[in-house]
Structures are given as structure tokens and as C-alpha cells.
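Observations on the three-dimensional arrangement
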Amino acid sequence: MAKGKGKGKVIGMGGTQQQPPTAQLKLDPTKLETVKCDNCDGIFFQEVQMFKEVPAVQSPTGQKSMLPIPVLRCTECGSVPERFLPKELLG
Ligand SMILES: [Zn+2]
């Protein structure tokens, strides 16, 4: 029942409206190359996480912890394309 109230605060009338952040990104997905699985040419991926152990001395909390690293895995064959998982991470 907020409509019809003539008095009170007027919000957003004539004010500068903030553009949503996505408006800056003018990419046309139809003109972009589809990322395919190196193994099976699948085009669907799901995000999974791998973890790196953080030694206590390097941890901000001073305690041994784990650092999650998001990687993408092919939903068809389960392989992780190297472009999503740099070799350096597989130590
Ligand atoms: Zn695959």
C-alpha cells in the first residue's frame, strides 16, 4: 500500500540512477568461443574445489588450515582442463 501516498519521502525521482555493474560489460556471448573439454569436447562444466594445505607459519590465523581453490570439471567425463587448473597448482 505504498502507492498513492503523496506525502513523505520521494525516492529516486530525478536522481542519478546507478548503473548496475553488468552494464559495463558489453560482451556478446554468441560471438565468443565456447570453452570445450580437451578430452571429450563437452561444453558443460561444474565448479569443484581442491584444497591446499596452509602451514601454521603461513596461515593468517597461526593455525594449520586449508585454502580452497575453485576449479572447473567437465560434467561429461570429469576431467579438468589444464586451462582451469594450472600445472603449478598440482604440486
Ligand atoms: Zn570432458
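Residues numbered from 1 in each chain as written. Predicted model: local features only at pLDDT ≥ 70, side-chain atom pairs only at ≥ 80, totals over all residues.

**Side note on the overall build of the protein**
The test is simple: Only DSSP runs of H or I with at least four residues qualify as helices, and only runs of E with at least two residues qualify as strands; both kinds are numbered from the N terminus onward. Buried, partly exposed and exposed are defined by the number of other C-beta atoms within 10 Å of a residue's own C-beta, namely 20 or more, between the two limits, and 12 or fewer respectively, with C-beta atoms placed from the backbone. Here the contact rule is simple: place C-beta atoms from the backbone, and any two residues whose C-beta atoms are within 7 Å are in contact.
From N to C terminus, the protein includes zero helices and two strands. Of all 91 residues assigned to the protein, the portion counted as buried reaches 2%. Restricting to contacts in the protein with at least 6 residues of sequence separation, those with at least 24 account for 44%.

**Comments concerning unusual backbone geometry**
Even without being glycine, Asp-41 reaches a positive phi, approximately 65°. Topologically, Asp-41 is positioned in the segment before strand S1 (45-54).

**Focus on the environment of Pro-68**
Position of Pro-68 relative to the elements: it lies in strand S2 (residues 65-74). In the structure, Pro-68 is positioned 17 residues away from Phe-51 in sequence and 4.5 Å away in space, judged by C-alpha atoms.

**Topic: the environment of Thr-75**
Relative to the assigned elements, Thr-75 resides in the segment after S2. Overall, the presence of 12 C-beta atoms within 10 Å leaves Thr-75 in the exposed class. Residue contacts for Thr-75: discarding those within four places in its chain leaves Gly-42, Phe-44, Phe-45 and Gln-46.

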